[in-house]
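Remarks on the overall topology
As a plain string of letters, each chain reads:
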Amino acid sequence: MKLLKTYLDRCVQCGACMSACSKAWAKEDSPELSRVRVKTVTGMADIRVCDQCGGCIAVCPSLALSRDKDGVVRIDRKKCTSCLMCVGFCPSASMFFSDRIPSPYKCVACGICVRVCPEGALEIIDTGKEG
C-alpha cells in the first residue's frame, strides 16, 4: 500500500507542501484546498494527511470510495453525493471538504508535496501490504 509518511520533527511549517498540493489539485494557491494540512499545535508541527486506512470506504452509502491497485483510497466523483459521511468519520481528520470543491477530497499519495518539502518531512512509502 502506497502512502505519504510524515516526519514531524523535520517539518519547519513553511507551507510549501500545501501550496504545491493546492496548486496541482485545486488550481489555486490556497492552504484550505490542500490535501495535506500543516498546523501548529502547542508550538509543534501537526501534519494531517490520509494514512489510507480505508475506514471511510465502509461508511460511504453511495459506494464512491474504493482502493486502486496501489492501495490508495480514491473517490469516484460520479458516484459521490457529497453526503460528507467520510469527512465526519475519518479517524485522522484528513478527508476534507470545501464549498469551493463539489465533493470531498484527500491525499492520493501523488508525491507532489514530497518534491517541494525543503526538509524531507514527507516521503511516499510502499508498505508492501495490500489495503
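Presented here is an overview of the structure given in this document.

**Notes on the overall build of the chain**
Looking only at helices and strands, the chain features four helices and six strands. Going from the N terminus to the C terminus, the chain shows its helices and strands as β-α-β-β-α-β-β-α-α-β. For the chain, whose C-alpha radius of gyration is 14 Å, the value lies close to the compact-globule estimate of 14 Å for 131 residues. Each of the three principal axes of the chain carries a C-alpha extent, and together these read 40 × 35 × 30 Å. Within the chain, the fraction of its 131 residues that count as buried is 44%. In the chain, the share of contacts with a sequence separation of at least 24, taken over all contacts with a separation of at least 6, comes to 58%.

**Looking at the nonpolar core**
Judged by nonpolar contacts, the single largest core of 15 residues is most densely connected at L4, C17, V36 and L122. Elements represented by at least two residues in this core include exactly α1 (16-25) and β3 (44-48). In contact with L122, other than residues within four places in its own chain, are L4, K5, T6, Y7, C17, I47, C113, V114 and C117. Of all hydrophobic cores here, the second largest spans ten residues; its members include C56, A64, V73 and C90.

**Observations concerning α1**
Of the positions making up α1, those classed as buried are C17, M18, S19, A20, C21 and S22. Looking at the buried side of α1, the elements it contacts are β2 (37-41), α4 (112-116) and β6 (122-126).

**Section: the layout of surface pockets**
In this model, the largest pocket occupies a volume close to 160 Å³. Looking at which element gives the most residues to the lining of the largest pocket, the answer is strand β5 (residues 73-75), with three residues. Classifying every residue of the lining of the largest pocket by side-chain character gives five nonpolar, no polar and four charged.

**Some points on the environment of K129**
Assignment of secondary structure puts K129 in the segment after β6. Expressed as a C-alpha distance, the spacing of K129 and G71, which sit 58 residues apart in the sequence, is 8.4 Å.

How each quantity is defined
Residues numbered from 1 in each chain as written. Predicted model: local features only at pLDDT ≥ 70, side-chain atom pairs only at ≥ 80, totals over all residues. Heavy atoms only, no water. Helix = DSSP H or I, 4+ residues; strand = E, 2+ residues; numbered from the N terminus. Rg over C-alpha atoms; globule rule 2.2 N^0.38 Å. Buried < 20%, exposed > 50% of the residue type's maximum accessible area, 1.4 Å probe, protein only. Contact = heavy atoms within 4.5 Å. Core = buried A, V, L, I, M, F, W, Y, C linked by side-chain atoms within 4.5 Å. 1 Å grid on protein atoms, 1.4 Å probe; cavity = no way out; pocket = protein on both sides within 12 Å on 5 of 7 lines; lining within 4 Å. Points joined across faces, edges and corners; volume = space filled by probe spheres on them. Nonpolar A, V, L, I, M, F, W, Y, C, P; charged D, E, K, R; others polar.

Keep in mind these values describe shape, not function.
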